[in-house]
Amino acid sequence: MKGLLISLVSVICICSCSPEGNIPYDLRCENLSSPLGVNTDKPRLSWKNKFAGNGDRQTAYHILAASSPALLAAGKADVWDSELTASEESVLRPLAGRKLSSGEVVYWKVRTYDKNGKASLWSETAHFSIGLLTASDRQGDYIGFPTADGDPQSPLLRKQFELAAKPERAFVHVNSLGYHEVYLNGKKVSDEPLAPAMAQFDKRSLSRTYDVSQLILKGNNDLVVWLGRGWYQFGMPGVVYEGPLLKAQIDVWNNGERSVAVATDGSWQACEKGGYTLTSKSWRYHNFGGERVDANALPKNFSADELNSRQWVKAATVSVPEHTVSAQSTEENFIAETYNAVNVKQLSDSLWLIDFGKTLTGWVEIKFPQLHKNQEITLHYSDHLNDKGLFDDREQIDYYIASGAKNEVFTNKFNYHSFRYLQIAGLEHEPGLESMKAMLIRTAYKDASSFACSDGDLNAIHDLVQHTLHCLSLSGYLVDCHHIERLGYGGDGHASTLTAQTLFDLAPLYSNWLQAWEDCIQPDGGLPHTAPNPYPAGGGPYWCAFIVTAPWGVYQSYGDLSTLERYYPVMKHWLQYVDTYTVDGLLKSWPDTDYRGWYLGDWATPKGINQQAPASVDLVDNCVISECYTILEKIATLLGKRDEAAEFASRKTAINSLIHSTYYLADNSTYGTGTQIDLAYPMLVGVTPENLIAETTESLLDITAEKYNGHLSTGLVGIPVLVDWAVKNNQPDFVYSMLKKRGYPGYLYMLDNGATATWEHWNGERSHIHNCYNGIGAWFYQAIGGIRPDETAPGYRRFVIDPQIPTALTWAKTTKETPYGTIAVSWEKTDNGLLFDITVPTGSAATMPLPKNAKSYTLNGQSLDLPIDGVITLESGNHLLSTSF
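None of the values given here were measured: they were computed from a predicted structure. (Residues numbered from 1 in each chain as written. Predicted model: local features only at pLDDT ≥ 70, side-chain atom pairs only at ≥ 80, totals over all residues. Heavy atoms only, no water.)

With that out of the way, let us pick up the overall build of the chain. Helices and strands together make up the secondary structure of the chain, namely 17 helices and 48 strands. For 885 residues, the compact-globule estimate of 2.2 N^0.38 gives 29 Å, and the chain sits close to it at 29 Å. Oriented by its inertia axes, the alpha-carbon framework of the chain measures out at about 80 × 75 × 55 Å. Here the chain, with 885 residues, has 60% of them falling under the buried criterion. For the chain, the proportion of contacts with a sequence separation of at least 24, taken over those separated by at least 6, is 74%. For the chain, the accessible area works out to roughly 33,200 Å², and carbon and sulfur atoms hold 49% of it. Taken as two groups, the 73 positive and 99 negative side-chain charges of the chain have centres that lie 5 Å from each other. (Helix = DSSP H or I, 4+ residues; strand = E, 2+ residues; numbered from the N terminus. Rg over C-alpha atoms; globule rule 2.2 N^0.38 Å. Buried < 20%, exposed > 50% of the residue type's maximum accessible area, 1.4 Å probe, protein only. Contact = heavy atoms within 4.5 Å. Areas by Shrake-Rupley, 256 points an atom, 1.4 Å probe, with all protein chains shown as cover. Lys, Arg positive; Asp, Glu negative; His and termini not counted. Charge placed at Lys NZ, Arg CZ, Asp CG, Glu CD.)

Below is the structure:
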């Protein structure tokens, strides 16, 4: 082996003088693009290659990391020079070299070598900084507006300070309990809205780092942080103050040394009236309200003159319970899309109904005509209209108090809404369409997929799901619905994780969200149904099992073994809790607690399905536990814990036997109550004996066709279960036929009734922008596109291409972005076969079973013999493949 390595390095050295072709791209640190404040002093680096030739691959890399761009450009790697490293790995490679300190900035680049030893050009320079990793690194106190002097809904906190010289670099670290915006010397530091991401305040808060090197000055400086309450509501876990709080510092760097220029303490000034007041005092279920915006109190700007004209008092220092402060591990929020109003309708004098054409989560911006001083405008939001064309929603209301100045503009700041429609009351003249826009806000992850096919209905369903998840992924987690509950339900997340991780690059978002689940586990292993967990919410074992299935999904989708290493102990702790409520080998109902309620099986099923039937609830929940044992066996094996893997395998065998003997009905070959989920779930998790699978499958197909008239007849849990079963059993027409049903219940029923996002219930009750039914999304990629991960080579290092083509489809085009690059699979039916156009990323390989009825095939213009096992391997590159039947 040593000789082979020396030979490889020798070849590379000989050829490295001829850089050409590939330039490494999409450089990442901890799965983020040039992040500031990563939460580790041992970060991992990733990049992608795109070599020109088919079958080419990376055989080595060379990383240079330096403390300044100038040193890096000169090739002086004072942080780390990896030297030429023989390796095909390009994902999450550990940065070695000297130890990094809190706040330190590192600039890096990489070049790679192909299979012939030819070096690429150097990549563009990327950078990252280390967060403040220890309590001693974080200076200052938590401060806020003194509650004895007022009601600090959106206070301004200010500090003027002097510097003897302009520093080489400067960063502000902001740990706010509640939302924040930061201004330095009159300029806004970042455009990100609603910062930071979500956290469980009794265990953790998050810190954001901003580069202010261009804004900081020699001499006088003026720092202002504008706060909003958000989830930091008095009475919730960990919240000790009746107003938002701030701990912040500015670090300056000179000659490679860090010092603290200013930090929060009692010398700061505080101004109560930032102009934004939350209309809700409780900030919980059905009561998130809106904002009252008093334009008379808003800062006109952040100049010294404007700030000096305001009333300031001494800031209060506040003792906050000890908790972990972590650098935010997910992307910031951003305004992803803007929608102009498409229709204005007058309802009565001074009352206008605005339609933005699409349901979304975020803000509005309204440019008002001339208003009178103290004129009050009411803005009322809803995601749908009832049968009478009116609002059912009564909670989402903003108020604007005019200053009487010219060109007044309303926009939100420390709250947001889910809506399509807006009622404006108190406005005398019709607002112009061009004066109003809606802004969709979400976490700034990257889209990672595309899908189109010959069936417009399928395209519409796919796009409906994609848009819905865009709307539900604000602040570093996925929620059920922002306007009613605004909670990160594990059930909704469990059901949609495969879809979400297929459609989007969500490794950082799941890093943040899973951290909240870890923070929420109880001493006895009990888990809530939501994370963060501000108050009790309903669910069942499927909701809690998110702690098992989501890390496994992260590993499969992004190849990050450290996620399994971190959360495996949490998974086992929860299963100890499951054992407490296991009777004679089967899980039974557990009690409601002060952090969790209900004990569900499926949820949000169509009318006529008894989702509370004990036989179904118990069957579904024990299938959940069986699925967890399967995953835990795999994780334990990966982590080298063979005895524990064997234990989980034994547990699965035992529970599957008990599920079958307890819930199987031999007289009609069904399980439980005979619903779709009750039949599919036992087959999916291996409960059904091999000799009974055919007749149980027939029962499922017959019941669907006859009892449910060919419709999907399941809920939140059942959708992904049914889809996963269909993919694993090559049943594309079964799913396709259900998706094509236009009546109730179904996705086309939603679309035909005006849906622009998926609903909470099949009949349109409650929310019209919800995470109940988005588990269908993965089917478009795994079945029609045929792109499926290979568990033995995660992160799509190796993957399967095996389209399952519904009879009615004639073509499909699918792409999937992976840690190695873009997978593309296009297929088209021909007169006597199929034509494929396939791209396999550099560093990956694909296994492709040829269609079973193929009599011959050609690959890249060459006619080849059919393999004995019917399976071919496609190396990286572009491939044209045709099969004849």
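From this point on, the discussion continues.
The way to describe two aromatic rings as a pair is by their centre distance and the angle between their planes. Within this structure, the stated rule accounts for 36 aromatic pairs. Each ring, one from phenylalanine 356 and one from phenylalanine 419, has its centre 5.9 Å from the other, and the planes form 80 degrees; the classification is edge-to-face. Of this pair, phenylalanine 356 sits in strand β26 (residues 351-367) while phenylalanine 419 is found in strand β30 (residues 417-425), placing the two residues 63 residues apart along the sequence. With respect to class, phenylalanine 356 is no different from phenylalanine 419; both count as buried. Consider the rings of tyrosine 542 and tryptophan 543, whose centres lie 6.1 Å apart with planes at 75 degrees: the pair is edge-to-face. No difference in accessibility class separates tyrosine 542 from tryptophan 543, as the two residues are buried. Grouping aromatic residues by their ring pairs yields a cluster made of Tyr183, Trp226, Tyr276, Phe302 and Phe414. Directly above the ring of phenylalanine 288 sits arginine 486, whose terminal nitrogen or CZ lies 4.4 Å from the centroid. (Phe/Tyr/Trp six-rings, centres within 6.5 Å; stacked < 30°, edge-to-face > 60°. Lys NZ or Arg CZ within 6 Å of the ring centre and 35° of its normal.)

Another point: the packing of helix α9 (residues 561-580) against helix α11 (residues 642-663). Packing of α9 against α11 brings their axes to within 14 Å, and their N-to-C directions diverge by 40 degrees. If you check the angle between α9 and α11, you find them oblique. α11 is crossed by α9, and the crossing has left-handed handedness. Side by side, α9 and α11 meet where Tyr568, Lys572, Leu575 and Asp579 of the first sit next to Glu644, Phe648 and Arg651 of the second. A per-class count over the contact of α9 with α11 returns 3 nonpolar, no polar and 4 charged. (Axes fitted to C-alpha atoms, helices over the stretch in contact; angles between N-to-C directions. Parallel < 35°, antiparallel > 145°, perpendicular 65-115°, else oblique. Left-handed = near helix turned anticlockwise from the far one by under 90°. Nonpolar A, V, L, I, M, F, W, Y, C, P; charged D, E, K, R; others polar.)

This next bit is on the sheet that holds strand β43 (residues 833-840). Taking strand neighbours across the sheet as the criterion, the 7 strands line up as β33-β41-β42-β43-β48-β45-β46 in an open arrangement whose pairing is antiparallel. Of all the strands in the sheet, just β33 (449-453) and β46 (862-864) have a single pairing partner and so form its edges. Adjacent strand axes in the sheet meet at a mean angle of 15 degrees when their direction is disregarded. Of the strand pairs in this sheet, strand β42 (residues 821-830) and β43 are connected by 7 bridges, and their pairing is antiparallel. Note that in β43 the partner of threonine 830 across the bridge is glycine 833. (Pairing = 2+ DSSP bridges.)

We now examine the environment of tyrosine 399. Mapped onto the secondary structure, tyrosine 399 falls in strand β28 (residues 397-401). Taking C-alpha positions, tyrosine 399 is 8.7 Å from threonine 279, a pair spaced 120 residues apart along the chain.

With that settled, consider helix α10 (residues 614-638). Here α10 spans 36 Å end to end across 25 residues, near enough to the 36 Å set by a 1.5 Å rise per residue. Burial analysis of α10 places 19 of its 25 residues in the buried class, which makes it a mostly covered element. Of the residues one or two after α10, glycine 640 is the one with positive phi, at around 75 degrees. (Expected span 1.5 Å × (residues − 1).)

Summed over all chains, the structure comprises 40 salt bridges. Two residues, lysine 740 and aspartate 457, come together in a salt bridge whose shortest N-O distance is 2.7 Å. Taken together, the positions of lysine 740 in the loop between α15 (732-739) and α16 (747-752) and aspartate 457 in helix α4 (residues 456-471) put the pair 283 residues apart, joining distant regions of the chain. For lysine 740, a relative accessible area of 28% translates into the label partly exposed. (Salt bridge = Lys/Arg side-chain N within 4 Å of Asp/Glu carboxyl O.)

It is worth spelling out the sheet that holds strand β2 (residues 44-48) at this point. In a beta sheet, neighbouring strands are held together by backbone hydrogen bonds and run either parallel or antiparallel to one another. Taking strand neighbours across the sheet as the criterion, the 3 strands line up as β1-β2-β6 in an open arrangement whose pairing is antiparallel. Looking at strand neighbours, the two that pair on one side only are β1 (25-29) and β6 (93-94), the edges of this open sheet. Pairing of β2 with β6 involves 2 bridges; the strand directions are antiparallel. In the strand pairing of β6, arginine 44 is matched with proline 94.

To continue, consider the confidence of the model for the chain. On average, residues of the chain carry a pLDDT of 95, and 98% of them reach 70 or more. Confidence drops under pLDDT 50 across residues 1-19; counting only partners more than four residues distant or on other chains, this segment forms 24 contacts. (pLDDT = per-residue confidence, 0-100.)

Looking now at the side chain of serine 129. The topology assignment puts serine 129 in strand β8 (residues 126-129). A distance of 2.7 Å separates a polar atom in the side chain of serine 129 from the backbone nitrogen of glycine 37. (Polar contact = N/O pair within 3.5 Å; in protein donor to acceptor, adjacent residues only side chain to side chain.)

Walk down a regular strand and you will see the side chains alternate between the two sheet faces. Within β2, 5 of the 5 residues are buried, which leaves it mostly tucked inside the rest of the structure. Alternating positions in β2 separate into two faces, Arg44, Ser46 and Lys48 on one and Leu45 and Trp47 on the other, with burial throughout. Inspection of the sheet shows β1 paired to β2 by 3 bridges, in the antiparallel sense. What sits directly across from arginine 28, in β2, is serine 46.

Counting buried residues in helix α17 (residues 777-784) gives 8 out of 8 residues, a clear majority hidden from the surface. Residues of α17 that are buried include every one of Gly777, Ala778, Trp779, Phe780, Tyr781, Gln782, Ala783 and Ile784, and no others. After α17 finishes, the residue glycine 786 shows a positive phi value of roughly 80 degrees.

A word on the pairing of strand β27 (residues 376-382). With 5 of 7 residues buried, β27 lies mostly within the body of the structure. One ladder, built from 5 bridges, connects β27 with β28; its direction is antiparallel. Residue pairing in the sheet places isoleucine 377 in a bridge with tyrosine 400 of β28. Across 5 bridges, β27 lies against β30 in antiparallel orientation.

Packing of helix α12 (residues 676-684) against helix α14 (residues 718-728) leaves a shortest axis separation of 9 Å and a crossing angle of 50 degrees. As summarised for this structure, α12 and α14 are arranged oblique, according to the angle between their axes. When the axes of α12 and α14 are compared, the crossing they make is left-handed. Residue-level contacts link Gln676, Ile677, Ala680, Tyr681, Met683 and Leu684 of α12 to Gly718, Val721, Leu722, Asp724, Trp725 and Lys728 of α14. Its residues assigned to classes, the contact of α12 with α14 shows 8 nonpolar, 2 polar and 2 charged.

This part covers the nonpolar core. One finds Tyr510, Trp574, Tyr681 and Trp779 to be the most contacted residues of the largest nonpolar core, which totals 206 residues. Here this core takes 12 residues from α10, the largest share from any one element. Discounting residues that sit within four places of it in the chain, tryptophan 779 has contacts with Leu458, Val723, Val727, Pro732, Val735, Tyr736, Leu739, Ile784 and Pro806. Core analysis: the next-biggest nonpolar cluster, separate from the first, contains 26 residues, Leu157, Val174, Trp268 and Ala270 among them. (Core = buried A, V, L, I, M, F, W, Y, C linked by side-chain atoms within 4.5 Å.)

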